[in-house]
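This is what each chain is made of:
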Amino acid sequence: MSNLLIAVGTVYGSTIDLAEEAIEVLAAMGHSAEMFMDFQTNQLNSDSILLIMTASTGMGDIPDNLMGFYCDLLDEKPDLKDQRFAIVGLGDSGYDYFNGAARRLNELLLELGAQPVAETLLVDANEHPDPAEPIASWLATFNAY
Ligand SMILES: Cc1cc2nc3c(=O)[nH]c(=O)nc-3n(C[C@H](O)[C@H](O)[C@H](O)COP(=O)(O)O)c2cc1C
């Protein structure tokens, strides 16, 4: 059983509902998970898995409520070699920078040495009108933890 810290990045709120559903799926697998709307670097915890669930905005930009975390990582450059993480991007391939927010966060976490526990899931609203379905399948990866 693992503990997951779910850092949500949202503009219009749909990612919050998806994070709540993810918490239920994870709980059914025996994991505990908590959602954060304003995740900060001092909340990182190497005993827990960081799960970022983020929309994109603008030109593949990170939503404001997750931007502080991203900027602090850039400024502080913490050594994250003991931090496990996974990312779900909620994007739309109709935009030029498909899932830009999830991709940027993934790149930065890898640069800082963090350990991915699953391949980043880039959900495309064009393909999946109900993103909860691919997310639930992807979360099965966490059976291993
Ligand atoms: C103004 C606007 C800009 C967006 N920009 C992007 C983008 O650059 N890349 C992308 O993949 N999706 C983009 N999206 C799609 C959102 O990421 C997607 O609709 C997401 O599910 C919204 O989640 P939220 O309700 O939590 O904000 C954009 C959506 C809007 C409304």
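Residues numbered from 1 in each chain as written. Predicted model: local features only at pLDDT ≥ 70, side-chain atom pairs only at ≥ 80, totals over all residues.

**Q** Go over the environment of Phe69, please, and point to the residues and values.
**A** One can find Phe69 in helix α2 (residues 64-76). Using a count of 22 C-beta atoms within 10 Å as the deciding quantity, one classes Phe69 as buried. Distance from Phe69 to Asn143, taken between C-alpha atoms, is 28 Å for residues 74 residues apart in sequence. Excluding anything up to four places from it in sequence, Phe69 contacts Ala7, Phe39, Gln40 and Thr41. (Helix = DSSP H or I, 4+ residues; strand = E, 2+ residues; numbered from the N terminus. Buried ≥ 20, exposed ≤ 12 C-beta atoms within 10 Å, placed from the backbone. Contact = placed C-beta atoms within 7 Å.)

**Q** Now, about the site of the ligand: what can you tell me, with residues and values included?
**A** In the vicinity of the ligand lie 21 residues, with Tyr12, Ser14, Thr15, Ala55 and Gly91 positioned nearest. Contributing elements (two or more residues each) for the shell around the ligand: α1 (14-28) and β4 (84-91). Its residues placed into classes, the shell around the ligand shows nine nonpolar, 11 polar and one charged. (Near = placed C-beta within 6 Å. Nonpolar A, V, L, I, M, F, W, Y, C, P; charged D, E, K, R; others polar.)

**Q** Please give an account of the nonpolar core that cites residues and values.
**A** Formed by 37 residues in total, the largest nonpolar core has its most connected members in Ile6, Ala7, Ala22, Leu51 and Met53. Residue assignment for this core shows that the elements contributing at least two residues are β1 (3-9), α1, β3 (49-55), α2, β4, α3 (100-111), β6 (121-124) and α4 (132-139). If you tally residues by element for this core, the top one is β3, at six residues. Ala22 has contacts with Ile6, Ala33, Met53, Ile135 and Leu139, leaving out every residue within four places of it along the chain. (Core = buried A, V, L, I, M, F, W, Y, C linked by C-beta atoms within 7 Å.)

**Q** Report on the pairing of β3, specifying residues and quantitative values.
**A** Of all seven residues that make up β3, seven are buried, and the element is covered over most of its length. In terms of strand pairing, β1 meets β3 through six bridges, oriented parallel. Within the sheet, the bridge partner assigned to Leu5 lies in β3 and is Leu50. Of the pairings in the sheet, the one linking β3 to β4 comprises seven bridges and is parallel in character. Along β4, the bridge assignment pairs Met53 with Val88. For the crossover from β3 across α2 to β4, the handedness is right-handed. (Pairing = 2+ DSSP bridges. Right-handed = clockwise from strand over helix to strand, strands pointing away.)

**Q** Run through the environment of Glu127, naming residues and quoting values.
**A** With respect to the secondary-structure elements, Glu127 resides in the loop between β6 and α4. Residues Glu127 and Ser93 lie 34 residues apart in sequence; the distance between their C-alpha atoms is 8.8 Å.

**Q** Summarise the packing of α1 against α4; cite the residues concerned and give the values.
**A** As a packed pair, α1 and α4 sit with axes 10 Å apart at the nearest point and diverge in direction by 35 degrees. For the pair α1 and α4, the crossing hand works out as right-handed. Residues Leu18, Glu21, Ala22, Val25 and Leu26 of α1 form the contact with α4, whose participating residues are Ala132, Ile135, Ala136 and Leu139. Partitioning the contact of α1 with α4 into residue classes produces eight nonpolar, no polar and one charged. (Axes fitted to C-alpha atoms, helices over the stretch in contact; angles between N-to-C directions. Left-handed = near helix turned anticlockwise from the far one by under 90°.)

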